[in-house]
Every structure is written in structure tokens, then in C-alpha cells.
Amino acid sequence: VSSLPARCRTFKIIVIGDSAVGKTCLTHRLCAGEFPRRVEATIGVDFRERLLDVEGERIKLQMWDTAGQERFRKSMVQHYYRNVHAVLFVYDVTCPASFRSLPAWVEECRQNSLGLDIPRFLVGNKSDLRGPVRAEGQVSREQALKFAEAHGMTLFETSAKSPANSGPKRRGAGEREAAFQ
Ligand code: GDP
Ligand code: MG
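- Going by an unreviewed UniProt entry, the protein chain carries the name RAB33B, member RAS onco family and comes from Myripristis murdjan.
- What UniProt states about the protein chain under its Subcellular location (unreviewed entry) heading is, verbatim, "Endomembrane system".
- Regarding the protein chain, the UniProt comment filed under Sequence similarities (unreviewed entry) reads as follows: "Belongs to the small GTPase superfamily. Rab family."

Right, here's the structure in full:
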């Protein structure tokens, strides 16, 4: 116990976005370092944690992986946004509809964040499926950057399926991403 850093700060992060964009896989990758073999559809909210040591300080990321079902969401949504430190807005780069839904998710955030200026991140997932073969019908990086800028967000394109840009085991980080740019 004595070897643990003296301080531990917890950050609550909520993961928001349309169904099937990969919110559960992303949080699993981030917290467990792997792509889950199988995922169940999330009901309500799941919690996962990731511990980080940043300059001798222990940081705990508490990820709230949410689901979009109306009947669960209505009663829970205020809890999601309470004392939140950051919001991840996730879309699927191969699913423009999930990108078009973002304004509704931004509006939900606005309505529930009590006017606080919470750090927000735009996360374009499934970047492993992006390639020259399927270029049309995808969300371009330019489109996403424009949206991120307009809403004061930082953009990341990620893949829960590849180790790039994610997870405790960061072998080969960035390689895969770079190949598609
Ligand atoms: P959620 O509803 O947003 O939580 O989405 P899930 O995490 O349940 O993922 C939905 C589907 O997308 C599953 O079949 C996953 O295997 C798949 N998936 C999630 N992330 C990725 C990714 O980065 N790349 C690929 N190719 N598939 C993914
Ligand atoms: Mg889920």
C-alpha cells in the first residue's frame, strides 16, 4: 500500500452516441486493453475504470458507457451528466447517420450540463473500416473537423478493434491510423 502514489484523482467521463457506433467496445479497449470477443447491447449504463499514472499522480478514469434506449435514458440522463469531467461524443466513420445524430446528442448534453463548460471530445470510431475501397458513404475527417471546431470539441479518429490510439497496451500506436490518411 505504501508504494501507491499518495493522491488519486477520479475523473468521470461519459460516452454518448448512437447505438452500435462502438461505445462499449471503445470503453472496453480503453480499460481492458483489448477488443471484446463479444458484446451485449448495453442496457442503461455500464461502468469501467482505467488507472493511469501521470507524473507520479494516480488518475482514475471512471467511464460511463451509456445506451440510447429511450425508456431507460429518460430517467437516468441527469445522473449521467452529474459531476462529469468530460464527454465523449462517438460516431461511426462508416455510418453517416450516426454523424447526423450528433446535434441531438450535443443538445442532450447542453440540457443536462447546467451551463457548465465541460470538456468535449468528438470520437470517430471504426477507423479500421475506412479505406479507399469504401470511400463514399463515409464521414470524412474534414467534415468531422468542421463539426468539432463549430462545437468546441477535440476530434479523435479511433478504432476499438486496433491498438491504435487506445488501450493500456499501446503497441504500434498510430501505425494503423497513419496508413489510412
Ligand atoms: P455501442 O452500441 O455503441 O455500445 O456499440 P458496440 O460497442 O456494442 O459495438 C457495436 C458493433 O460494432 C459490434 O458488432 C462491434 O464488434 C462493432 N465495433 C465496435 N467498434 C468497432 C471498431 O472500432 N471497428 C470495427 N470494425 N467494429 C467495431
Ligand atoms: Mg453499448
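The rest of the description comes next.
### Considerations on the pattern of salt bridges
- On inspection of all chains with the given rule, the structure shows ten salt bridges.
- Residue Asp65 pairs with Arg48 through a salt bridge whose shortest N-O separation is 3.5 Å. Of the two residues, Asp65 sits in strand β3 (residues 57-66) while Arg48 sits in strand β2 (residues 45-54), which places them 17 residues apart along the sequence. Assigned by exposure class, Asp65 and Arg48 land together as buried.
- One salt bridge connects Glu107 with Arg110, and the closest N-O pair in it is separated by 2.8 Å.

### Some remarks on the coordination of the magnesium ion (ligand 2)
- Within the first shell, the magnesium ion (ligand 2) binds the protein through Thr24 (OG1) and Thr42 (OG1), at distances of 2.0 to 2.1 Å. With a gap of 18 residues between them, Thr24 in helix α1 (residues 23-32) and Thr42 in the loop between α1 and β2 connect regions that are remote in the sequence. As far as burial versus exposure is concerned, Thr24 and Thr42 are alike and both buried.

### Things to note about the confidence of the model for the protein chain
- Of all residues in the protein chain, 83% have pLDDT values of 70 or greater, and the mean over the chain is 85.
- Confidence drops under a pLDDT of 50 for residues 169-181, and excluding neighbours within four residues, the segment shows 23 contacts in the predicted structure.

### Let's talk about the site of ligand 1
- Taken together, 17 residues form the shell around ligand 1, and within it Ala20, Lys23, Cys25, Asp128 and Ala160 come nearest.
- Within the contact set of ligand 1, an oxygen atom lies 3.4 Å away from a backbone nitrogen or oxygen of Lys161.
- Coverage of ligand 1 by the protein amounts to 80% of the 580 Å² it exposes when considered alone.
- Residue contributions to the shell around ligand 1 peak at three residues, all from α1.
- When grouped by side-chain class, the residues that make up the shell around ligand 1 number seven nonpolar, five polar and five charged.

### Some remarks on the sheet that holds strand β6 (residues 154-157)
- Within the open sheet, the six strands sit side by side as β2-β3-β1-β4-β5-β6. Their pairing is mixed. If you trace the sheet from one side to the other, it starts and ends with β2 and β6, each paired once. The average angle at which neighbouring strand axes cross in this sheet is 25 degrees, direction not considered.
- Pairing geometry for strand β5 (residues 120-125) and β6, over four bridges, is parallel.

Parameters at a glance
Residues numbered from 1 in each chain as written. Chains lettered and ligands numbered in written order. Predicted model: local features only at pLDDT ≥ 70, side-chain atom pairs only at ≥ 80, totals over all residues. Heavy atoms only, no water. UniProt positions renumbered as here; feature names shortened; annotations may be inferred. Salt bridge = Lys/Arg side-chain N within 4 Å of Asp/Glu carboxyl O. Helix = DSSP H or I, 4+ residues; strand = E, 2+ residues; numbered from the N terminus. Buried < 20%, exposed > 50% of the residue type's maximum accessible area, 1.4 Å probe, protein only. Donors = N, O, S within 2.8 Å, 3.2 Å for Na, K, Ca; no water. pLDDT = per-residue confidence, 0-100. Contact = heavy atoms within 4.5 Å. Near = heavy atom within 4 Å. Polar contact = N/O pair within 3.5 Å; in protein donor to acceptor, adjacent residues only side chain to side chain. Areas by Shrake-Rupley, 256 points an atom, 1.4 Å probe, with all protein chains shown as cover. Nonpolar A, V, L, I, M, F, W, Y, C, P; charged D, E, K, R; others polar. Pairing = 2+ DSSP bridges. Axes fitted to C-alpha atoms, helices over the stretch in contact; angles between N-to-C directions.

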